[in-house]
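Remarks on the overall topology
Chain by chain, the residues:
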Amino acid sequence: MDEQTRKLLIDGCTMGIKTLGEKTHQYDKADKKAADLAQKIIRTDEELMKKLKDYL
């Protein structure tokens, strides 16, 4: 995987984390399953970013 691809993936993860975090706070009364799924996706994006940063 080249550097540009890794940077694009990191940017996508960052945007996903930011957007889901904002929506989680905006809809704080959302269904628990939906909120748990959003948190799981955020954690997954954070883990992927850590792995990708090792290659930069």
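Everything discussed here concerns the structure shown above.
Residues numbered from 1 in each chain as written. Predicted model: local features only at pLDDT ≥ 70, side-chain atom pairs only at ≥ 80, totals over all residues. Heavy atoms only, no water.

Next up on the list: the packing of helix H1 (residues 3–26) against helix H2 (residues 32–53). H2 packs onto H1 with a crossing angle of 155 degrees between their chain directions and a minimal axis gap of 9 Å. Taken together, the axis directions place H1 and H2 in an arrangement best described as roughly antiparallel. Two packed elements cross with a definite hand, and for H1 against H2 that hand is left-handed. Contacts between H1 and H2 involve Arg-6, Leu-9, Ile-10, Cys-13, Thr-14, Gly-16, Ile-17, Leu-20, Gly-21 and Thr-24 from the former and Ala-38, Gln-39, Ile-41, Ile-42, Asp-45, Glu-46, Leu-48, Met-49, Leu-52 and Lys-53 from the latter. Residue composition of the contact of H1 with H2, by class: 11 nonpolar, five polar and four charged. (Axes fitted to C-alpha atoms, helices over the stretch in contact; angles between N-to-C directions. Helix = DSSP H or I, 4+ residues; strand = E, 2+ residues; numbered from the N terminus. Parallel < 35°, antiparallel > 145°, perpendicular 65-115°, else oblique. Left-handed = near helix turned anticlockwise from the far one by under 90°. Contact = heavy atoms within 4.5 Å. Nonpolar A, V, L, I, M, F, W, Y, C, P; charged D, E, K, R; others polar.)

Counting six residues, the largest nonpolar core consists of Ile-10, Cys-13, Ile-17, Ile-42, Met-49 and Leu-52. If you list the elements that add at least two residues to this core, you get H1 and H2. If near-sequence neighbours (up to four positions away) are discounted, Leu-52 is found in contact with Met-1, Arg-6, Leu-9 and Ile-10. (Core = buried A, V, L, I, M, F, W, Y, C linked by side-chain atoms within 4.5 Å. Buried < 20%, exposed > 50% of the residue type's maximum accessible area, 1.4 Å probe, protein only.)

Attention now moves to the pattern of salt bridges. This structure, assessed with the given rule, holds three salt bridges. Of the charged contacts, one joins Glu-3 and Lys-7 as a salt bridge, the two residues approaching to 3.1 Å between their closest N and O atoms. Of this pair, Glu-3 and Lys-7 both sit in helix H1, separated by four residues, roughly a single helical turn. Of the charged contacts in the structure, one is a salt bridge between Glu-22 and Lys-18, with a shortest N-O distance of 3.9 Å. (Salt bridge = Lys/Arg side-chain N within 4 Å of Asp/Glu carboxyl O.)

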